[in-house]
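Each chain is listed here by its residues.
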Amino acid sequence: MTAPLKTVEAVTDAIMPEIGQRARAAARVLALAPTAQKDQALAAMSGAIRARKDKVLAANAKDIAEAKAAGATSAFLDRLALDDKRVAAMAEGLDVVRALADPVGKVTESWTRPNGMTIERVRVPLGVVGIIYESRPNVTADAGALCLKAGNAAILRGGSESHHSNRAIHDALAEGLAAAELPEAAISLVPVRDRAAVGMMLAGLDGAIDVIVPRGGKSLVARVQAEARVPVFAHLEGICHVYVDRDARLDMAKAIVLNAKMRRTGVCGAAETLLVDRAVAAAHLKPLVAMLIDAGCEVRGDDATRAADARVKPAREDDWSTEYLDTIIAAKVVDGIDAAIAHIERYGSHHTDSIITEDKTAAERFLREVDSAIVLHNASTQFADGGEFGFGAEIGIATGRFHARGPVGVEQLTSFKYRIRGSGQIRP
């Protein structure tokens, strides 16, 4: 008589605690691993990604076919899709992370007390980092590499829609770890699509996980906020604004707005709202709106914006707080920088916001007063990316105020401890 088949839930219940235990043990090894060994693993991972390109693309083709059959949007498919260029960029990202300075063991501050004791603050790994993400398979490589460089073990739970791609990429990472004689559990991929695995990670896997990094849409973030029992690097949605000030040059505004919205509409740094100062609306609004519409972007605007171009659709209240991740933008005329900052504070997600102006005083005020993780002057919001910051890659853009804010790179994946050296001091 054959044994009954295990249910998906039973498999999840069986494997998740083991993944946590093995990651915990691997974290201890990584915390003490020398830089050269970690870099050897990263170099081997990069080579394995390149060597396995055809396998990765074949796996991704399965994910794309399943997503299309399920009725996925074009923006979603863009986030999911890999091609030769994106696979090459993934491998290059591993090389960039390898070239970064190792943050582990770095002394950030030191001082001597009157009693002769020396105290120093030194960077140490966080431990085990759980990353829960959706659709983008490149996160598997980015997150694994960043955690490794910072001496952390990683438990990766990618979206079910990128299941095949993630497994193919993880195979390359495992090959790199083996080449450097590091434990395979240093980068663990949850092998099941069961959503119960997410709940187990949010509960901390019996103390195995030290921090959770969510990277996904509203439903994922809401679940993390409701269920997490371990610290979270919050990554809320990217409701990013571009504000065209009264002293903005139209040619610069056009270039930045077009790039901020249309370079890649499905990334969290894509502009979702355009604000234009009423003082220059007569000259700047119509060209900006026409440019976006002619580029294939739907514009939803207030009355002033609709008056500038009959093709503009009326904006509803919820448009001001919507992350479209698509070829749609909300546009509004505001009464100067005060109104622009107030609008961003009310409707924004504290992610990334930009001002376009030649007035340095206005620019400095915007940079100082807008309470977002990333604020820019005369630059596209699409620079909200760890690679563009020189971090090599990122696990996500943290929009909260806990420990890390903005792109989460290797430095943000460390904590610190104090090392004290004495010569027999006792406390009176």
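Scroll up a little and you will see the structure.
About the criteria used
Residues numbered from 1 in each chain as written. Predicted model: local features only at pLDDT ≥ 70, side-chain atom pairs only at ≥ 80, totals over all residues. Heavy atoms only, no water. Helix = DSSP H or I, 4+ residues; strand = E, 2+ residues; numbered from the N terminus. Rg over C-alpha atoms; globule rule 2.2 N^0.38 Å. Contact = heavy atoms within 4.5 Å. Areas by Shrake-Rupley, 256 points an atom, 1.4 Å probe, with all protein chains shown as cover. Lys, Arg positive; Asp, Glu negative; His and termini not counted. Charge placed at Lys NZ, Arg CZ, Asp CG, Glu CD. Core = buried A, V, L, I, M, F, W, Y, C linked by side-chain atoms within 4.5 Å. Buried < 20%, exposed > 50% of the residue type's maximum accessible area, 1.4 Å probe, protein only. Pairing = 2+ DSSP bridges. Right-handed = clockwise from strand over helix to strand, strands pointing away. Axes fitted to C-alpha atoms, helices over the stretch in contact; angles between N-to-C directions. Parallel < 35°, antiparallel > 145°, perpendicular 65-115°, else oblique. Left-handed = near helix turned anticlockwise from the far one by under 90°. Nonpolar A, V, L, I, M, F, W, Y, C, P; charged D, E, K, R; others polar. Polar contact = N/O pair within 3.5 Å; in protein donor to acceptor, adjacent residues only side chain to side chain. Patch = residues over 30% accessible without salt bridge, like charges linked within 9 Å, V, L, I, M, F, W, Y side chains within 5 Å. Salt bridge = Lys/Arg side-chain N within 4 Å of Asp/Glu carboxyl O.

So, the overall build of the protein chain
Working step 1: The number of helices and strands found in the protein chain is 14 helices and 16 strands.
Working step 2: Rg of the C-alpha trace for the protein chain: 24 Å, near the compact-globule value of 22 Å for 428 residues, within the 12% margin.
Working step 3: Seen through its C-alpha atoms, the protein chain measures out along the principal axes to roughly 75 × 70 × 40 Å.
Working step 4: By sequence separation, contacts in the protein chain at least 24 residues apart represent 73% of the contacts at least 6 residues apart.
Working step 5: For the protein chain, the accessible area works out to roughly 18,800 Å², and carbon and sulfur atoms hold 52% of it.
Working step 6: Mean positive and mean negative side-chain charge positions of the protein chain (53 and 55 charges, respectively) differ by 3 Å.

Comments concerning the nonpolar core
Working step 1: In terms of nonpolar packing, the biggest core is built from 73 residues, with M45, I131, I155, M201 and L413 touching the most fellow members.
Working step 2: Residue contributions to this core peak at 7 residues, all from helix α6 (residues 138–149).
Working step 3: Once you skip the residues sitting within four places of it in the chain, M45 turns out to touch L94, L148, A172, L173, G176, L177 and I187.
Working step 4: Counting 27 residues, the second-largest nonpolar core is a separate cluster that includes V280, V289, I293 and I329.

Looking at the pairing of strand β7 (residues 240–244)
Working step 1: For β7, a buried count of 5 out of 5 residues is recorded, marking the element as mostly surrounded by other parts of the structure.
Working step 2: Residue alternation in β7 divides its side chains into two sets, C240, V242 and V244 and H241 and Y243, and both sets are buried.
Working step 3: Across 5 bridges, the pairing between β7 and strand β8 (residues 271–277) is parallel. When the bridges of β8 are listed, Y243 appears paired with L275.
Working step 4: As a crossover connection, the stretch from β7 through helix α10 (residues 250–262) into β8 is right-handed.
Working step 5: Where β7 meets strand β12 (residues 352–356), 4 bridges bridge the pair, whose relative direction is parallel. If you follow V242 over to β12, its bridge partner there is S354.

Things to note about the sheet that holds strand β11 (residues 328–334)
What links the strands of a sheet is backbone hydrogen bonding, and the strands pair in either a parallel or an antiparallel sense.
Working step 1: The strand order across the open sheet formed by 7 strands is β10-β9-β11-β8-β7-β12-β13, and the pairing between neighbours is parallel. Here the strands that pair on one side only, and so sit at the sheet edges, are β10 (313–314) and β13 (374–377).
Working step 2: Direction of pairing for strand β9 (residues 298–301) relative to β11: parallel, over a ladder of 4 bridges. Each bridged residue has a counterpart across the sheet, and for G301 the counterpart in β11 is A331.
Working step 3: Along the sheet, helix α11 (residues 278–294) makes contact with β7, β8, β9 and β11, crossing β8 at roughly 150 degrees.

Quick word on the packing of α6 against helix α7 (residues 163–179)
Working step 1: Running from amino to carboxyl end, α6 crosses α7 at an angle of 30 degrees, the nearest separation of the two axes being 9 Å. The angle between α6 and α7 places the two elements in the roughly parallel class. Along this stretch, α6 crosses α7, giving a crossing that reads as right-handed. Note on element contacts: α7 touches α6 through N166, I169, H170, L173 and L177, opposite T140, A141 and L148.
Working step 2: Among the residues forming the contact of α6 with α7, the class breakdown is 5 nonpolar, 3 polar and no charged.

Here we look at the pairing of β12
Working step 1: The buried count for β12 comes to 5 of 5 residues, which makes it a mostly enclosed element.
Working step 2: Regarding topology, helix α14 (residues 360–369) serves as the crossover connection from β12 to the parallel β13, and that connection is right-handed.

So, the packing of helix α13 (residues 336–347) against α14
How two helices sit against one another is set out by the angle between their axes and by the gap between those axes.
Working step 1: Running from N to C, α13 and α14 point in directions that differ by 20 degrees, and their axes come no closer than 11 Å. The angle between the axes of α13 and α14 places the two elements in the roughly parallel class. The crossing of α13 and α14 is right-handed. Contact residues: I337, D338, I341 and I344 in α13; A362, R365, F366 and E369 in α14.
Working step 2: Of the residues contributing to the contact of α13 with α14, the split by class is 5 nonpolar, no polar and 3 charged.

Observations regarding the sheet that holds strand β3 (residues 128–133)
Working step 1: The 4 strands lie next to each other as β5-β4-β3-β6, forming an open sheet whose pairing is parallel. The open sheet terminates on both sides in strands that have one partner only, identified here as β5 (187–189) and β6 (211–215). Averaged over all pairs of adjacent strands, the angle between their axes in this sheet comes to 20 degrees, without regard to strand direction.
Working step 2: With 3 bridges connecting them, strand β4 (residues 153–157) and β5 associate as parallel partners. Across the sheet, L156 pairs through a bridge with L189, a residue of β5.

Section: the side chain of D309
Working step 1: Within the fold, D309 resides in the loop between α12 (303–308) and β10.
Working step 2: Only 2.9 Å separates the side chain of D309 from the backbone nitrogen of R311, close enough to count as a polar contact.
Working step 3: Every residue in contact with D309, bar those within four places of it in the chain, is listed here: V289, A290 and I293.

Remarks on a nonpolar patch on the surface
Working step 1: A cluster of nonpolar side chains, W111, F416, Y418 and I420, forms an exposed patch at the surface whose accessible area comes to about 400 Å².
Working step 2: No other element matches strand β16 (residues 414–421), which puts 3 residues into the nonpolar patch.
Working step 3: Secondary-structure assignment places Y418 in strand β16.

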